[in-house]
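Residue-level listing of the chains:
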Amino acid sequence: MNRNWRLDTADGSFALKMIADAAPDVVRRNLAVLGPLAGTGLPVPVPVPGPGGDPVVEIGDRAFCLFPWVEGARIPGTDLTMDQTGYLGSLLGQLHRHLESQLAQALPTTPGKALDPRPSLSAPPEPKTAVQALAEADRLLAVIAAKDEPDAFDASAVAMLRARRALIAEYRESRPDSAGSSADSGWIHGDFTSSNLLWNAGAVEAVLDWDRLQRKPLSDEVVRAAILHFKAADGQVDLGRVAAFVEGYREAVPMDGASLAEAVRRLWWHQITSFWILWLHYERDDPTCDHLLVPRENLLRWWTDHYDEVESAFTRSGS
């Protein structure tokens, strides 16, 4: 969702990123932690500072950041060995642990910025109600119905929205009670997926894209990362790898099964009630993520049909 270039120069190769999906000040805050994280030995790229040491350079209404180029390959989670899967879970746990210990020291060093480095979790957004989700689905259906010449994507969107309305109505009593407890909260990467990991020689060489660094329940990132890493195109999730990933995570960060079960419910309900791909397409005229519509619906159907098995994969080990 950002534009990126490789720059080959006399001083080496670099990755230039034009920031499009986050405010420049938020990106400044987030990039401030990468140096301290890299200092702990974690595979984190450190930004190249611009004039005055600012990691974000603003030119007109555009903002950019620059990193040394990192060689590596993106590997689908389903192609990882079981040992690599456990290692990946452990890596996420180490990131969470070090983020919590490093951020209070790192973030205030960003010069001249008043952005609060530790936003409060006192009032996290509550999960959507069935009524809210149904209203949003109806609004999107009306937008599509108003088009003069609907296309193939519109037809797919209508079918998806109608199916989703039925699903919401069927499971409306399954809405989670809350957005998560403060006891389970901490700093998370925000998008720990295979597209943001570069592998080299069997290990992660770099964890990329820190635009979504935020405080949320840690269990939410564990569940989201595992589901997105180990799902196939038909929606089926490799639950053996999910269990190995969670076991690896728990070696670095103790986490009880109840927290993970609650996160499974929250993320599943979010899948049911979120229409972000259609929001991008119809509200922002952005087709970037159109290709994710069918795989996402496949995942939701499979997850719903195998809900108990999914929950068990996350909670079967540990207490």
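Everything discussed here concerns the structure shown above.
Residues numbered from 1 in each chain as written. Predicted model: local features only at pLDDT ≥ 70, side-chain atom pairs only at ≥ 80, totals over all residues. Heavy atoms only, no water.

**Q** Mind laying out the side chain of Asp290, listing which residues take part and the relevant values?
**A** Within the secondary structure layout, Asp290 lies in the loop between α9 (276-283) and α10 (293-305). For the buried Asp290, which has no salt bridge, the nearest side chain bearing the opposite charge is Lys147, at an N-O separation of 9.2 Å. Side chain to side chain, Asp290 and His281 meet in a polar contact 2.9 Å long. Contact partners of Asp290, with chain neighbours within four places excluded, come to Phe153, Ile277 and His281. (Helix = DSSP H or I, 4+ residues; strand = E, 2+ residues; numbered from the N terminus. Buried < 20%, exposed > 50% of the residue type's maximum accessible area, 1.4 Å probe, protein only. Lys, Arg positive; Asp, Glu negative; His and termini not counted. Salt bridge = Lys/Arg side-chain N within 4 Å of Asp/Glu carboxyl O. Polar contact = N/O pair within 3.5 Å; in protein donor to acceptor, adjacent residues only side chain to side chain. Contact = heavy atoms within 4.5 Å.)

**Q** Provide a residue-level description of the packing of aromatic side chains, including the pertinent values.
**A** Inspection of the entire model under this criterion finds six aromatic pairs. Measuring from ring centre to ring centre gives 6.2 Å for Phe153 and Tyr282, while their planes differ by 45°; the resulting arrangement is tilted. Here Phe153, found in helix α5 (residues 152-170), pairs with Tyr282, found in helix α9; they are 129 residues apart in sequence, far enough to count as distant. Measuring from ring centre to ring centre gives 6.4 Å for Trp268 and Trp269, while their planes differ by 55°; the resulting arrangement is tilted. Each member of the pair Trp268 and Trp269 is classed as buried. A connected cluster of aromatic rings, assembled from ring pairs, spans Tyr171, Trp268, Trp269 and Tyr307. For the cation-ring pair, Arg6 lies above Trp69, with the distance from its terminal atom to the ring centre recorded as 4.7 Å. (Phe/Tyr/Trp six-rings, centres within 6.5 Å; stacked < 30°, edge-to-face > 60°. Lys NZ or Arg CZ within 6 Å of the ring centre and 35° of its normal.)

**Q** Can you lay out the sheet that holds strand β4 (residues 62-68) for me, pointing to particular residues and giving the numbers?
**A** With respect to topology, four strands assemble into an open sheet ordered β1-β2-β4-β3, the strand pairing being antiparallel. Each having just a single partner strand, β1 (3-9) and β3 (57-59) make up the two edges of the open sheet. Geometrically, the sheet is characterised by an average inter-axis angle of 30° between neighbouring strands, direction not taken into account. Across five bridges, strand β2 (residues 12-18) lies against β4 in antiparallel orientation. (Pairing = 2+ DSSP bridges. Axes fitted to C-alpha atoms, helices over the stretch in contact; angles between N-to-C directions.)

**Q** I'd like a description of empty space enclosed by the protein, backed by residues and values.
**A** Applying the stated criterion to the full structure yields one cavity of 30 Å³ or more. In this structure, the largest cavity encloses a volume near 40 Å³. Lining of the largest cavity is provided by Met160, Arg164, Ser274, Phe275, Trp276, Ile277, Leu278, Leu293, Arg296 and Glu297. Looking at the lining of the largest cavity, the elements with two or more residues in it are α5, α9 and α10. (1 Å grid on protein atoms, 1.4 Å probe; cavity = no way out; pocket = protein on both sides within 12 Å on 5 of 7 lines; lining within 4 Å. Points joined across faces, edges and corners; volume = space filled by probe spheres on them.)

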